[in-house]
Amino acid sequence: MSSPTILEPPSVLTRAAEIALFRAYAELKAEGQKTYLSYAWWLLEPVLHMSIYYVVIGKFLARGTEDFVPFLLVGLVVWRWFNTSVVSGASAITAAKGIVQNVGVDKTVFPAAALMVALFKFALVFLILCVFLLGYGYSPSGWYLLLPVLAVQFLFQAGLALILAGAVPFLPDIKIVLENAIKALFFLSGIFYAGSSVPEAYQPYFYMNPIASLIEAHRTVLLTGSLPHVGRLAIIGAFGLVMILAGSWIIRYKRGDFAKVVV
Amino acid sequence: MSGFAVRLDGVGLRYSRPTGRFIRTRSIEHWALKDVSLDLMRGESLGVVGGNGTGKSTLLKVIAGILRQDGGRVVRTAKRIGFLSLQAGFIPHLSGVDNAVLGGMLLGLSAREARERVDEIAAFSELGSKLYDPLFTYSAGMRARLGLSTALAARPDVLLIDELLAVGDAPFRAKCAGTVKSVIRSDATVVLVSHNHETIRELCDRVVWLDGGRVQMVGGADAVLQAHAKSVVEKRDRVMRSSVTGEGNSEACGS
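Residues numbered from 1 in each chain as written. Chains lettered and ligands numbered in written order. Predicted model: local features only at pLDDT ≥ 70, side-chain atom pairs only at ≥ 80, totals over all residues. Heavy atoms only, no water.

Enquirer: Which residues make up the overall build of chain A, and what values do they have?
Expert: Counting its secondary structure elements, chain A contains twelve helices and zero strands. Over its C-alpha atoms chain A spans a radius of gyration of 19 Å, differing by no more than 12% from the 18 Å that the globule rule assigns to 263 residues. A burial count over chain A gives 48% of its 263 residues as buried. Long-range pairs, those at least 24 residues apart, make up 76% of the contacts in chain A between residues at least 6 apart in sequence. For chain A, the exposed area adds up to about 12,900 Å²; of that, 72% sits on carbon and sulfur atoms. Between the mean site of the 18 positive side-chain charges and the mean site of the 13 negative ones, chain A shows a separation of 6 Å. (Helix = DSSP H or I, 4+ residues; strand = E, 2+ residues; numbered from the N terminus. Rg over C-alpha atoms; globule rule 2.2 N^0.38 Å. Buried < 20%, exposed > 50% of the residue type's maximum accessible area, 1.4 Å probe, protein only. Contact = heavy atoms within 4.5 Å. Areas by Shrake-Rupley, 256 points an atom, 1.4 Å probe, with all protein chains shown as cover. Lys, Arg positive; Asp, Glu negative; His and termini not counted. Charge placed at Lys NZ, Arg CZ, Asp CG, Glu CD.)

Next up, the structure:
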C-alpha cells in the first residue's frame, strides 16, 4: 500500500472536512436532545463549574483580591477549552467504534469533529465572558490581540488531540496517564493564582508549561490590554503545528489498523 | 466494464493481542487471512462461503479498506466500497434524516449529494414522516430499513453484503430481497457472504470458499458450492461419529 502523505488530493480533504463538520453539528444537536434543559446546559454547566471555584478559592480560602473574579474566570474559561479539546479528542476514534468497524473513512475526522464541538462551546462561553468584562469596566481597545493568542492555543491543543487520538487506541494506558496529567495541569497552570506569585526560582519551570503561558497571555490581553509574551506564543504555536503534522501522519499511517484495536 | 474492481495479491492479515502475566509485553498472533489472491471483477457478484472464523468478514473489511493487509498487495480501481448494513455508525439522538445524510457521506457522497438522496431514502424505506423523529424512537426493524435504504441510495461502486437478506417485517423483507437481488443481478459489483447455498447459487456467478484464512477453492458457483457442501457433510459426519464413540472433537465444534 502506498505510504501516507499529508498532501492528499483536495477532493479527499474536502470530503473529510465535510464529514467532520457534519459530525460536529450532529454531536451538538444530539447533545441538546439528551436532557430537559437541553442547550441551556452549554452555559449552565460552565457557570456551575466556575461558581464552585469562586466560592472555594475566592471566599473560603480568601485568596480573592479586588479583581479576583475576572482573573479567575479568564483562567477557568481558557482551561476548560483546553481540557475538553484534549480529553474528547483523545478518545474520539475509540468512541466512534461503530464507524471505524464499518467504513473505511479517514479517521482524522473524529478528533477534528471533537475539536470543533469544543471550539463551539468555548466560543459561546468566551463571548459571554467578554460581555461580562465589558460590564466590569475593562476596555476592549487591545482585544484584537486575542486573535493570535486564540489561534496559538487552538494549534497547540489540536496537535495534542490528534497525536493522542492516534495513539490511545493502540496504547490505552495513555488514557490513564492523560487523566492524571490533566489533574496535575489544573493545579500547575496558574488558573487561580498568577505566575508572578510563584517563587522566582521556580518561574522558569512554571512557564515551561504551555497552558500556563497561554492563560497568562489571555489575561494580559483581556485584563490589561497589553501585548503578551510574543516569544513564548511563537514557540507554542510552532510546536502545535509540528504536533498537528505528526498527529495527522500517525492517524493516516495507522489507518488500516484502527479496526483491529477499536472494538 | 471489464477489468477488476479490487485485486488481492497474496494478502495476509494478522491480528495480535498482548499477553503476559503482569506486564503484557508479549503478543499472541493470529493470521485471519493467509496468502489470499483474488480478483473481484467489475460488475460481477462474488459469493463467499466457509465456516465460522474462516476469515469471511475479515476479507470484506480488507476489500473495503477498513483493515489494511499485513502482507501482500491490494489494488482498488473502485472508489467507493461500502457495506450494505450501515446501522453501526448511527447516532441515536439524531433524526433519521440526519443519520441518513451522515451515512451517505460516510459512503463517499458529498454533503449535497447525500442530502439530495433523502427523498429516495424516505420513499424506499417507507418511513415517511417518521424519518424526522430521533433514531432512538425507531424499532430495530425500522433502523435496519433506514440503514439498508441509505446504503442502497448511496450506490457504492462495490457493495459488500454480510449475510443480510432478511430485514424488517415480511412485506418489507420481500421488497428488500427483491431490490437487493435486482441490484446484485444488475451490473453492480457485489461481494456476498452467506451460509445459505441457495441464496449464493441464485445470485452469484463466482464463489470463493475460505478455510482457515486460505482460499480453499475459487471458481464457478456450482463447482465450489458442491465441493464445499461435500466437505461440510464430511466434517459433520466426523463430529457425529466422534461424539457417538465418546471422543470429544473440540476443534470441529468450536466456532
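After presenting the structure, the write-up continues.
Enquirer: A description of the interface of chain B and chain A should follow, citing residues and the corresponding values.
Expert: Between chain B and chain A, the contact holds 29 residues from the first and 27 residues from the second. In total, about 2,600 Å² of surface goes out of reach between chain B and chain A, with carbon and sulfur atoms giving 62% of it. Linking chain B with chain A are three salt bridges, by the criterion used here. A salt bridge links Asp-98 of chain B to Lys-29 of chain A; its shortest N-O distance comes to 2.7 Å. On inspection of chain B and its partner chain A, the count reaches ten residue pairs in polar contact (both at pLDDT 80 or more). Grouping the constituent residues of the side of chain B that touches chain A by class yields 16 nonpolar, six polar and seven charged. (Buried area = accessible area lost by both parts, 1.4 Å probe. Salt bridge = Lys/Arg side-chain N within 4 Å of Asp/Glu carboxyl O. Polar contact = N/O pair within 3.5 Å; in protein donor to acceptor, adjacent residues only side chain to side chain. Nonpolar A, V, L, I, M, F, W, Y, C, P; charged D, E, K, R; others polar.)

Enquirer: Describe the sheet that holds strand β2 (residues 26–41) of chain B, naming the residues involved and giving the relevant values.
Expert: Residues and elements named next belong to chain B. Strand order in this open sheet of three strands is β2-β1-β4, and the pairing throughout is antiparallel. The open sheet terminates on both sides in strands that have one partner only, identified here as β2 and β4 (71–76). Each strand of the sheet is rotated relative to its neighbour by a mean of 25°, with strand direction disregarded. Against the sheet, helix α1 (residues 56–64) makes contact with β1 (4–19), β2 and β4, and its axis sits at roughly 120° relative to β1, the strand it touches most. (Pairing = 2+ DSSP bridges. Axes fitted to C-alpha atoms, helices over the stretch in contact; angles between N-to-C directions.)

Enquirer: Explain helix α11 (residues 230–253) of chain A residue by residue, including any values.
Expert: Side chains that are three or four residues apart share a direction in an α-helix, a result of its 3.6 residues per turn. With 24 residues, α11 of chain A extends 34 Å between its outermost C-alpha atoms, agreeing within 8% with the 34 Å of an ideal straight helix rising 1.5 Å per residue. Residues of α11 of chain A that are buried: Leu-233, Ile-236, Gly-237, Gly-240, Met-243, Ile-244, Gly-247, Ser-248, Ile-251 and Arg-252 of chain A. (Expected span 1.5 Å × (residues − 1).)

Enquirer: Describe the nonpolar core, naming the residues involved and giving the relevant values.
Expert: Phe-110 of chain A together with Leu-8, Leu-59, Leu-146 and Leu-160 of chain B are the most contacted members of the largest nonpolar core, which totals 98 residues. Discounting residues that sit within four places of it in the chain, Leu-160 of chain B has contacts with Leu-60, Ile-63, Ala-64, Ile-81, Gly-82, Phe-83, Leu-84 and Val-191 of chain B. (Core = buried A, V, L, I, M, F, W, Y, C linked by side-chain atoms within 4.5 Å.)

Enquirer: Go over the confidence of the model for chain A, please, and point to the residues and values.
Expert: Taken over all residues, the pLDDT of chain A has a mean of 91, while the share at 70 or more is 95%. Here residues 1–6 of chain A is modelled with pLDDT under 50, and outside its nearest four sequence neighbours on either side it reaches 14 contacts, counting other chains as well. (pLDDT = per-residue confidence, 0-100.)

Enquirer: Tell me about the pairing of β2 of chain B, and name the residues and values.
Expert: All names here are of chain B. With twelve bridges connecting them, β1 and β2 associate as antiparallel partners. By the bridge assignment, Val-6 is partnered in β2 with Leu-40. Hairpin connection between β1 and β2: a loop of six residues separates the two successive antiparallel strands, and Gly-20 in this loop has a positive phi of roughly 145°.

Enquirer: Describe the packing of helix α6 (residues 109–136) of chain A against helix α7 (residues 146–167) of chain A, naming the residues involved and giving the relevant values.
Expert: To characterise two packed helices, one gives the angle between the axes of the helices and the distance between these axes. Residues and elements named next belong to chain A. Put simply, α6 and α7 touch, their axes get as near as 10 Å, and they point 145° apart. α6 and α7 meet at a crossing whose hand is right-handed. Taking contact as the criterion, the partners of Pro-111, Leu-115, Phe-122 and Phe-126 in α6 are, on α7, Leu-146, Leu-150, Phe-154, Gln-157, Ala-158, Ala-161, Leu-162 and Ala-165. Of the residues belonging to the contact of α6 with α7, the class tally is eleven nonpolar, one polar and no charged. (Left-handed = near helix turned anticlockwise from the far one by under 90°.)

Enquirer: Quick rundown of the packing of α7 of chain A against α11 of chain A? Include the residues and the values.
Expert: All names here are of chain A. The N-to-C vectors of α7 and α11 enclose an angle of 30°; their axes lie 7 Å apart at closest approach. Classified by the angle between their axes, α7 and α11 sit roughly parallel to one another. Seen from above, α7 lies across α11 with left-handed handedness. When the residues that make up the contact of α7 with α11 are grouped by side-chain class, the tally is 18 nonpolar, six polar and no charged. (Parallel < 35°, antiparallel > 145°, perpendicular 65-115°, else oblique.)

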